[in-house]
Amino acid sequence: MTDRQHDGGPEALLPSERPVRFLTDTGTAVRGRPRYPLPSPETLRRAYRAMVVGRRFDTQATALTKQGRLAVYPSSRGQEACQVGAVLALEDGDWLFPTYRESMALVTRGIEPTEVLALLRGDAHCGYDPHRHHVAPQCTPLATQTVHAAGLAYAERRKGSGRIALACVGDGATSEGDFHEALNFAAVFKAPVVFLVQNNQYAISVPLDRQTAAPSLAHKGVGYGIRSERVDGNDPVAMLAVLSAAAEHARSGHGPFLVEAHTYRLESHTNADDATRYRTDAEAEEWRRRDPIARLEAYLRRRGHLGDEDVAEASAAAEEFAARLRTAMNADPELAPLGMFDHVYDVPTPQLDEQRASLRSELEAEEALT
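Throughout, residues of each chain are indexed from 1 in the direction in which the sequence is written. Two thresholds apply to this predicted model, a pLDDT of at least 70 for residue-level local features and 80 or more for giving and counting side-chain atom pairs, whereas whole-chain, interface and lining totals are computed over all residues. As a rule here, side-chain values cover all heavy atoms of the structure and leave hydrogens and water aside.

Enquirer: Give a detailed account of the overall build of the chain, specifying residues and quantitative values.
Expert: Counting secondary structure elements, the chain contains 14 helices and seven strands. Two things to know: the radius of gyration comes from C-alpha atoms, and the globule rule equals 2.2 Å times the number of residues to the power 0.38. Its C-alpha atoms give the chain a radius of gyration of 21 Å, within 12% of the compact-globule value 21 Å for 370 residues. With a 1.4 Å probe rolled over the protein chains alone, any residue whose accessible area is under 20% of its type maximum counts as buried; one over 50% counts as exposed, and the rest are partly exposed. Looking at the 370 residues of the chain, the share that counts as buried comes to 50%. Residue exposure ignores everything except the shown protein chains as possible cover, and the areas themselves are Shrake-Rupley values with a 1.4 Å probe. By element, 50% of the accessible surface of the chain is carried by carbon and sulfur atoms, the whole surface being about 17500 Å². For this count, His and the chain ends are skipped, Lys and Arg are scored as positive, and Asp and Glu as negative. Lysine's charge is taken at NZ, arginine's at CZ, aspartate's at CG and glutamate's at CD. A distance of 6 Å separates the average location of the 42 positive side-chain charges in the chain from that of its 52 negative side-chain charges. Only DSSP runs of H or I covering at least 4 residues are called helices, and only runs of E covering at least 2 are called strands; the numbering of each starts at the N terminus.

Set out below in C-alpha coordinates:
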(Lines give C-alpha, C1' and ligand atoms only; values in the text may rest on other atoms or scores of the structure.)
Protein backbone atom coordinates (compact mmCIF):
# COMPACT_ATOMS: atom_id res chain seq x y z
CA MET A 1 0.00 0.00 0.00
CA THR A 2 1.17 3.54 -0.64
CA ASP A 3 2.30 6.06 1.96
CA ARG A 4 -0.76 8.14 1.10
CA GLN A 5 -2.94 5.45 2.63
CA HIS A 6 -1.27 5.76 6.03
CA ASP A 7 -0.51 9.50 6.18
CA GLY A 8 -3.48 10.23 8.43
CA GLY A 9 -5.20 12.79 6.18
CA PRO A 10 -8.92 12.49 5.43
CA GLU A 11 -8.20 11.75 1.77
CA ALA A 12 -6.35 8.59 2.86
CA LEU A 13 -9.68 7.08 3.87
CA LEU A 14 -11.46 7.58 0.55
CA PRO A 15 -12.13 4.68 -1.83
CA SER A 16 -11.12 4.80 -5.46
CA GLU A 17 -13.43 6.77 -7.76
CA ARG A 18 -14.08 3.54 -9.65
CA PRO A 19 -13.93 -0.01 -8.28
CA VAL A 20 -10.41 -1.42 -8.42
CA ARG A 21 -9.94 -3.76 -11.39
CA PHE A 22 -7.03 -5.83 -12.62
CA LEU A 23 -8.98 -7.73 -15.31
CA THR A 24 -11.47 -6.79 -17.99
CA ASP A 25 -14.68 -8.78 -18.31
CA THR A 26 -12.91 -11.10 -20.78
CA GLY A 27 -9.88 -11.70 -18.57
CA THR A 28 -7.32 -9.41 -20.18
CA ALA A 29 -5.21 -7.15 -17.99
CA VAL A 30 -6.55 -3.61 -17.65
CA ARG A 31 -4.43 -0.70 -18.79
CA GLY A 32 -2.57 1.21 -16.14
CA ARG A 33 -1.17 -0.10 -12.89
CA PRO A 34 -3.51 -0.58 -9.93
CA ARG A 35 -2.11 0.70 -6.66
CA TYR A 36 -2.23 -2.72 -5.03
CA PRO A 37 0.43 -5.44 -5.46
CA LEU A 38 -0.37 -8.17 -7.97
CA PRO A 39 -0.97 -11.55 -6.28
CA SER A 40 1.53 -14.29 -7.13
CA PRO A 41 0.75 -16.80 -9.91
CA GLU A 42 0.64 -19.61 -7.33
CA THR A 43 -1.93 -17.73 -5.25
CA LEU A 44 -4.06 -17.14 -8.34
CA ARG A 45 -3.83 -20.79 -9.37
CA ARG A 46 -4.92 -21.77 -5.88
CA ALA A 47 -7.82 -19.32 -6.10
CA TYR A 48 -8.88 -20.70 -9.48
CA ARG A 49 -9.03 -24.27 -8.18
CA ALA A 50 -10.89 -23.20 -5.04
CA MET A 51 -13.47 -21.30 -7.07
CA VAL A 52 -14.08 -24.25 -9.40
CA VAL A 53 -14.56 -26.60 -6.43
CA GLY A 54 -16.61 -23.97 -4.60
CA ARG A 55 -19.01 -23.45 -7.49
CA ARG A 56 -19.54 -27.20 -7.86
CA PHE A 57 -20.25 -27.43 -4.13
CA ASP A 58 -22.72 -24.57 -4.47
CA THR A 59 -24.61 -26.13 -7.38
CA GLN A 60 -24.69 -29.48 -5.57
CA ALA A 61 -26.06 -27.87 -2.41
CA THR A 62 -28.71 -26.11 -4.50
CA ALA A 63 -29.70 -29.48 -5.97
CA LEU A 64 -29.91 -30.97 -2.47
CA THR A 65 -32.59 -28.43 -1.53
CA LYS A 66 -34.68 -29.53 -4.51
CA GLN A 67 -34.32 -33.13 -3.33
CA GLY A 68 -35.46 -32.24 0.18
CA ARG A 69 -32.04 -32.94 1.69
CA LEU A 70 -31.64 -29.33 2.85
CA ALA A 71 -34.31 -27.11 4.35
CA VAL A 72 -32.90 -24.01 2.69
CA TYR A 73 -29.75 -22.95 0.87
CA PRO A 74 -28.58 -19.40 0.08
CA SER A 75 -26.47 -19.75 -3.07
CA SER A 76 -23.35 -17.68 -3.64
CA ARG A 77 -22.94 -18.61 -7.32
CA GLY A 78 -21.45 -15.61 -9.07
CA GLN A 79 -19.75 -14.42 -5.89
CA GLU A 80 -16.91 -16.96 -5.98
CA ALA A 81 -14.16 -14.32 -6.11
CA CYS A 82 -15.48 -12.73 -2.92
CA GLN A 83 -15.92 -16.05 -1.10
CA VAL A 84 -12.53 -17.49 -1.99
CA GLY A 85 -10.68 -14.17 -1.83
CA ALA A 86 -11.85 -13.59 1.74
CA VAL A 87 -10.41 -16.92 2.89
CA LEU A 88 -7.13 -16.75 0.99
CA ALA A 89 -6.41 -13.27 2.34
CA LEU A 90 -6.39 -14.67 5.90
CA GLU A 91 -3.75 -16.58 7.81
CA ASP A 92 -4.62 -19.82 9.61
CA GLY A 93 -4.94 -18.15 13.01
CA ASP A 94 -7.15 -15.31 11.77
CA TRP A 95 -10.90 -15.39 12.39
CA LEU A 96 -13.67 -15.42 9.79
CA PHE A 97 -17.18 -14.19 10.70
CA PRO A 98 -19.56 -15.44 8.00
CA THR A 99 -23.19 -14.87 7.13
CA TYR A 100 -25.60 -17.59 6.06
CA ARG A 101 -24.38 -17.10 2.45
CA GLU A 102 -20.72 -17.92 3.13
CA SER A 103 -20.94 -21.73 2.80
CA MET A 104 -18.50 -21.64 -0.12
CA ALA A 105 -16.02 -19.67 1.97
CA LEU A 106 -16.32 -22.22 4.77
CA VAL A 107 -15.49 -25.20 2.57
CA THR A 108 -12.58 -23.19 1.15
CA ARG A 109 -11.42 -22.74 4.74
CA GLY A 110 -11.26 -26.54 5.00
CA ILE A 111 -14.45 -27.31 6.92
CA GLU A 112 -16.18 -30.54 5.96
CA PRO A 113 -19.18 -29.71 3.74
CA THR A 114 -21.58 -31.81 5.82
CA GLU A 115 -20.55 -29.79 8.88
CA VAL A 116 -21.13 -26.58 6.94
CA LEU A 117 -24.59 -27.69 5.84
CA ALA A 118 -25.67 -28.96 9.28
CA LEU A 119 -27.30 -25.59 10.03
CA LEU A 120 -29.13 -25.46 6.70
CA ARG A 121 -30.21 -29.09 7.06
CA GLY A 122 -31.63 -28.36 10.50
CA ASP A 123 -29.27 -30.71 12.35
CA ALA A 124 -27.52 -28.23 14.64
CA HIS A 125 -27.09 -24.52 15.34
CA CYS A 126 -23.49 -24.91 14.11
CA GLY A 127 -22.13 -28.16 12.72
CA TYR A 128 -18.41 -27.37 13.05
CA ASP A 129 -16.03 -26.43 15.87
CA PRO A 130 -15.51 -22.63 15.62
CA HIS A 131 -12.32 -22.72 17.72
CA ARG A 132 -10.71 -25.42 15.61
CA HIS A 133 -11.27 -23.60 12.33
CA HIS A 134 -11.26 -20.03 13.65
CA VAL A 135 -14.64 -19.53 11.99
CA ALA A 136 -17.59 -18.13 13.92
CA PRO A 137 -20.99 -19.80 13.46
CA GLN A 138 -22.81 -18.74 10.33
CA CYS A 139 -25.00 -15.77 11.19
CA THR A 140 -28.58 -15.41 9.99
CA PRO A 141 -29.54 -12.10 11.69
CA LEU A 142 -28.11 -9.28 9.61
CA ALA A 143 -24.87 -7.66 10.84
CA THR A 144 -24.86 -9.02 14.40
CA GLN A 145 -21.60 -10.85 13.69
CA THR A 146 -19.86 -7.59 12.80
CA VAL A 147 -20.00 -6.53 16.46
CA HIS A 148 -18.58 -9.91 17.48
CA ALA A 149 -15.78 -9.57 14.91
CA ALA A 150 -14.86 -6.08 16.12
CA GLY A 151 -14.82 -7.25 19.73
CA LEU A 152 -12.73 -10.33 19.04
CA ALA A 153 -10.29 -8.35 16.90
CA TYR A 154 -9.89 -5.79 19.69
CA ALA A 155 -9.22 -8.61 22.16
CA GLU A 156 -6.55 -10.02 19.84
CA ARG A 157 -4.98 -6.57 19.66
CA ARG A 158 -4.92 -6.32 23.45
CA LYS A 159 -3.25 -9.74 23.63
CA GLY A 160 -0.72 -8.80 20.95
CA SER A 161 -1.44 -12.00 19.04
CA GLY A 162 -1.08 -10.50 15.56
CA ARG A 163 -4.37 -12.12 14.55
CA ILE A 164 -7.10 -10.27 12.70
CA ALA A 165 -10.78 -10.84 11.99
CA LEU A 166 -12.69 -10.59 8.72
CA ALA A 167 -16.46 -10.09 8.81
CA CYS A 168 -18.61 -10.71 5.73
CA VAL A 169 -21.88 -8.88 5.18
CA GLY A 170 -24.21 -8.16 2.31
CA ASP A 171 -25.38 -4.77 1.12
CA GLY A 172 -28.61 -5.03 3.12
CA ALA A 173 -26.69 -5.45 6.38
CA THR A 174 -25.13 -1.99 5.99
CA SER A 175 -28.53 -0.51 6.92
CA GLU A 176 -28.53 -2.29 10.28
CA GLY A 177 -27.55 -0.55 13.51
CA ASP A 178 -25.16 -3.34 14.51
CA PHE A 179 -23.08 -2.66 11.40
CA HIS A 180 -22.60 0.98 12.33
CA GLU A 181 -21.88 0.19 15.97
CA ALA A 182 -19.21 -2.29 14.86
CA LEU A 183 -17.58 0.24 12.54
CA ASN A 184 -17.54 2.94 15.18
CA PHE A 185 -16.10 0.65 17.88
CA ALA A 186 -13.47 -0.78 15.53
CA ALA A 187 -12.38 2.67 14.39
CA VAL A 188 -12.19 4.20 17.87
CA PHE A 189 -10.23 1.28 19.33
CA LYS A 190 -8.23 0.48 16.15
CA ALA A 191 -9.45 -3.10 16.14
CA PRO A 192 -7.65 -5.18 13.46
CA VAL A 193 -10.76 -6.18 11.54
CA VAL A 194 -11.64 -6.19 7.84
CA PHE A 195 -15.28 -5.62 6.90
CA LEU A 196 -16.11 -7.20 3.53
CA VAL A 197 -19.37 -5.89 2.09
CA GLN A 198 -20.51 -8.07 -0.78
CA ASN A 199 -22.73 -5.66 -2.66
CA ASN A 200 -24.70 -8.08 -4.81
CA GLN A 201 -27.17 -5.32 -5.72
CA TYR A 202 -30.18 -6.60 -3.76
CA ALA A 203 -31.19 -7.03 -0.12
CA ILE A 204 -33.45 -9.96 -0.98
CA SER A 205 -35.71 -8.02 -3.38
CA VAL A 206 -34.78 -4.45 -2.42
CA PRO A 207 -32.40 -2.84 -4.95
CA LEU A 208 -29.42 -0.84 -3.74
CA ASP A 209 -30.88 2.55 -4.72
CA ARG A 210 -33.73 1.92 -2.26
CA GLN A 211 -31.31 1.08 0.54
CA THR A 212 -28.97 4.08 0.62
CA ALA A 213 -28.29 7.49 -0.90
CA ALA A 214 -24.57 7.33 -0.05
CA PRO A 215 -22.09 7.72 -2.96
CA SER A 216 -21.09 4.12 -2.30
CA LEU A 217 -21.29 1.63 0.55
CA ALA A 218 -17.55 2.10 1.03
CA HIS A 219 -18.19 5.72 1.99
CA LYS A 220 -20.02 4.47 5.08
CA GLY A 221 -16.66 3.38 6.42
CA VAL A 222 -15.14 6.78 5.68
CA GLY A 223 -17.74 8.41 7.92
CA TYR A 224 -16.35 6.49 10.88
CA GLY A 225 -12.71 7.17 10.07
CA ILE A 226 -12.07 3.80 8.43
CA ARG A 227 -9.87 3.28 5.38
CA SER A 228 -12.25 2.07 2.68
CA GLU A 229 -12.07 0.73 -0.86
CA ARG A 230 -14.30 -0.30 -3.73
CA VAL A 231 -13.38 -3.31 -5.85
CA ASP A 232 -14.77 -5.28 -8.76
CA GLY A 233 -16.05 -8.27 -6.82
CA ASN A 234 -16.09 -10.46 -9.94
CA ASP A 235 -12.38 -9.85 -10.59
CA PRO A 236 -10.53 -12.51 -8.56
CA VAL A 237 -7.16 -10.79 -9.01
CA ALA A 238 -8.52 -7.50 -7.70
CA MET A 239 -10.31 -9.18 -4.81
CA LEU A 240 -7.15 -10.99 -3.67
CA ALA A 241 -5.04 -7.87 -4.09
CA VAL A 242 -7.34 -5.55 -2.16
CA LEU A 243 -8.28 -8.01 0.60
CA SER A 244 -4.64 -8.96 1.14
CA ALA A 245 -3.77 -5.27 1.45
CA ALA A 246 -6.69 -4.76 3.83
CA ALA A 247 -5.53 -7.68 5.98
CA GLU A 248 -1.98 -6.28 6.06
CA HIS A 249 -3.36 -2.85 7.00
CA ALA A 250 -5.24 -4.33 9.97
CA ARG A 251 -2.42 -6.66 11.04
CA SER A 252 0.12 -3.84 10.99
CA GLY A 253 -1.75 -1.84 13.61
CA HIS A 254 -3.46 0.68 11.32
CA GLY A 255 -6.95 -0.26 12.45
CA PRO A 256 -9.98 -1.52 10.52
CA PHE A 257 -10.47 -1.57 6.75
CA LEU A 258 -13.74 -1.73 4.81
CA VAL A 259 -13.94 -3.30 1.35
CA GLU A 260 -17.04 -2.96 -0.81
CA ALA A 261 -17.08 -5.65 -3.51
CA HIS A 262 -19.40 -5.04 -6.47
CA THR A 263 -20.79 -8.45 -7.38
CA TYR A 264 -24.04 -10.28 -8.15
CA ARG A 265 -25.81 -13.42 -6.95
CA LEU A 266 -26.94 -15.32 -10.02
CA GLU A 267 -29.43 -17.48 -8.13
CA SER A 268 -32.39 -16.30 -6.07
CA HIS A 269 -31.86 -15.10 -2.51
CA THR A 270 -32.63 -18.65 -1.34
CA ASN A 271 -34.61 -21.54 -2.76
CA ALA A 272 -37.66 -19.92 -1.11
CA ASP A 273 -37.28 -16.77 -3.24
CA ASP A 274 -38.27 -16.03 -6.85
CA ALA A 275 -35.77 -13.50 -8.24
CA THR A 276 -37.70 -13.12 -11.51
CA ARG A 277 -40.25 -11.02 -9.61
CA TYR A 278 -37.82 -8.15 -9.07
CA ARG A 279 -35.02 -8.39 -11.66
CA THR A 280 -34.80 -9.10 -15.37
CA ASP A 281 -33.15 -11.94 -17.26
CA ALA A 282 -31.17 -9.34 -19.22
CA GLU A 283 -29.67 -7.98 -16.00
CA ALA A 284 -28.62 -11.42 -14.82
CA GLU A 285 -27.19 -12.25 -18.25
CA GLU A 286 -25.10 -9.07 -18.18
CA TRP A 287 -23.51 -10.25 -14.92
CA ARG A 288 -22.96 -13.76 -16.29
CA ARG A 289 -20.61 -12.18 -18.83
CA ARG A 290 -18.45 -11.08 -15.89
CA ASP A 291 -18.02 -14.64 -14.61
CA PRO A 292 -15.10 -14.61 -12.14
CA ILE A 293 -13.93 -18.14 -12.94
CA ALA A 294 -13.87 -17.61 -16.70
CA ARG A 295 -12.05 -14.29 -16.27
CA LEU A 296 -9.32 -15.77 -14.09
CA GLU A 297 -8.92 -18.84 -16.30
CA ALA A 298 -8.50 -16.67 -19.38
CA TYR A 299 -5.95 -14.46 -17.62
CA LEU A 300 -3.88 -17.36 -16.29
CA ARG A 301 -3.90 -19.13 -19.65
CA ARG A 302 -2.66 -16.01 -21.42
CA ARG A 303 0.16 -15.69 -18.89
CA GLY A 304 1.11 -19.36 -19.22
CA HIS A 305 0.23 -20.13 -15.60
CA LEU A 306 -2.65 -22.50 -16.39
CA GLY A 307 -3.02 -25.27 -18.94
CA ASP A 308 -5.53 -27.88 -20.05
CA GLU A 309 -4.25 -30.38 -17.47
CA ASP A 310 -4.73 -27.87 -14.65
CA VAL A 311 -8.28 -27.09 -15.76
CA ALA A 312 -9.12 -30.80 -16.06
CA GLU A 313 -7.65 -31.52 -12.63
CA ALA A 314 -9.69 -28.75 -11.02
CA SER A 315 -12.85 -30.00 -12.71
CA ALA A 316 -12.18 -33.58 -11.60
CA ALA A 317 -11.52 -32.45 -8.02
CA ALA A 318 -14.80 -30.54 -8.06
CA GLU A 319 -16.77 -33.57 -9.26
CA GLU A 320 -15.14 -35.79 -6.64
CA PHE A 321 -16.00 -33.21 -3.97
CA ALA A 322 -19.64 -33.13 -5.10
CA ALA A 323 -19.84 -36.93 -5.18
CA ARG A 324 -18.53 -37.21 -1.62
CA LEU A 325 -21.05 -34.61 -0.52
CA ARG A 326 -23.95 -36.49 -2.13
CA THR A 327 -22.91 -39.72 -0.45
CA ALA A 328 -22.54 -38.07 2.94
CA MET A 329 -25.89 -36.27 2.68
CA ASN A 330 -27.67 -39.50 1.78
CA ALA A 331 -26.87 -40.85 5.24
CA ASP A 332 -29.27 -39.95 8.02
CA PRO A 333 -27.61 -37.71 10.61
CA GLU A 334 -26.98 -38.94 14.13
CA LEU A 335 -28.59 -36.30 16.30
CA ALA A 336 -28.30 -35.60 20.03
CA PRO A 337 -31.31 -33.38 20.82
CA LEU A 338 -30.14 -32.58 24.35
CA GLY A 339 -26.95 -31.12 22.89
CA MET A 340 -28.83 -27.97 21.88
CA PHE A 341 -28.55 -26.80 25.48
CA ASP A 342 -24.81 -27.38 25.90
CA HIS A 343 -23.36 -24.11 24.61
CA VAL A 344 -26.03 -21.50 25.29
CA TYR A 345 -24.44 -20.29 28.53
CA ASP A 346 -21.30 -21.25 30.40
CA VAL A 347 -23.48 -21.81 33.48
CA PRO A 348 -27.00 -22.92 32.46
CA THR A 349 -29.90 -20.83 33.72
CA PRO A 350 -32.75 -22.42 35.72
CA GLN A 351 -34.98 -22.00 32.67
CA LEU A 352 -32.58 -23.94 30.47
CA ASP A 353 -32.27 -26.69 33.04
CA GLU A 354 -36.06 -26.90 33.15
CA GLN A 355 -36.30 -27.11 29.37
CA ARG A 356 -33.58 -29.75 29.21
CA ALA A 357 -35.38 -31.86 31.83
CA SER A 358 -38.66 -31.51 29.95
CA LEU A 359 -37.09 -32.63 26.64
CA ARG A 360 -35.30 -35.52 28.37
CA SER A 361 -38.65 -36.72 29.77
CA GLU A 362 -40.24 -36.59 26.31
CA LEU A 363 -37.35 -38.53 24.76
CA GLU A 364 -37.46 -41.18 27.46
CA ALA A 365 -41.21 -41.55 27.07
CA GLU A 366 -40.84 -41.91 23.29
CA GLU A 367 -38.10 -44.49 23.71
CA ALA A 368 -40.26 -46.48 26.12
CA LEU A 369 -42.94 -46.78 23.45
CA THR A 370 -40.59 -48.17 20.82
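Enquirer: Lay out the side chain of D273 with the relevant residues and their values.
Expert: Among the structural elements, D273 can be located in the loop between β7 (257-262) and α11 (281-288). Within the buried core, D273 has no salt-bridge partner, and the shortest N-O distance to an opposite charge, that of R265, equals 4.2 Å. Working rule for contacts: check all heavy atoms of both residues, and any pair within 4.5 Å makes them a contact. Here D273 is in contact with R265, S268 and Y278, once residues within four sequence places are set aside. Take a side-chain nitrogen of Lys or Arg and a carboxyl oxygen of Asp or Glu: if they are within 4 Å of each other, that pair is a salt bridge.

Enquirer: An account of the environment of H133 is requested, with residue identities and associated values reported.
Expert: Within the secondary structure, H133 is located in helix α6 (residues 130-133). You can call H133 buried: its relative accessible area is 12%. Taking the C-alpha atoms as reference, H133 lies 28 Å from G177; in sequence the two are 44 residues apart. If near-sequence neighbours (up to four positions away) are discounted, H133 is found in contact with R109, G110, I111, E115 and Y128.

Enquirer: Explain the environment of A246 residue by residue, including any values.
Expert: Tracing the chain through its elements places A246 in helix α10 (residues 236-251). What makes A246 buried here is its relative accessible area of 0%. Distance in space between the C-alpha atoms of A246 and V194 is 6.5 Å, their sequence separation being 52 residues. Here A246 is in contact with V194, F257 and V259, once residues within four sequence places are set aside.

Enquirer: Can you lay out the layout of surface pockets for me, pointing to particular residues and giving the numbers?
Expert: As a volume, the largest pocket reaches approximately 850 Å³. Of the grid points, spaced at 1 Å and generated over the protein atoms alone, those admitting a 1.4 Å probe that cannot get out make up cavities, while open sets with protein on both sides within 12 Å along at least five of seven lines make up pockets; any residue with an atom within 4 Å of a point is treated as lining. Lining the largest pocket are 28 residues, and of these A124, H125, C126, G127 and H343 sit closest to its centre. Residue assignment for the lining of the largest pocket shows that the elements contributing at least two residues are α4 (113-116), α5 (118-121), α6 and α13 (308-330). Following the grouping adopted for this structure description, the nonpolar residues are Ala, Val, Leu, Ile, Met, Phe, Trp, Tyr, Cys and Pro, the charged ones are Asp, Glu, Lys and Arg, and the polar ones are all others, Gly among them. A breakdown of the residues in the lining of the largest pocket according to their chemical character gives 15 nonpolar, seven polar and six charged. What lines the second largest pocket is a set of 23 residues, and nearest its centre among them are Y100, R101, L142, G170 and H269. Residue assignment for the lining of the second largest pocket shows that the elements contributing at least two residues are β2 (165-170) and β4 (202-203). Residue classes in the lining of the second largest pocket are distributed as 10 nonpolar, nine polar and four charged. Grid points are joined across faces, edges and corners, and a volume is the space filled by probe spheres set on the points.

Enquirer: Before we move on, can you summarise the nonpolar core with the specific residues and values?
Expert: Among the nonpolar cores identified, the biggest contains 66 residues, and Y48, L96, L117, L166, L196, L243 and L296 are the most heavily contacted of them. Setting aside its immediate chain neighbours within four residues, L117 contacts F57, L64, L70, Y73, L325 and M329. Take the buried Ala, Val, Leu, Ile, Met, Phe, Trp, Tyr and Cys residues and link them wherever side-chain atoms come within 4.5 Å; each set so joined is a nonpolar core. Ranked by size, the runner-up nonpolar core spans 25 residues in total, among them W95, A173, A182 and I226.

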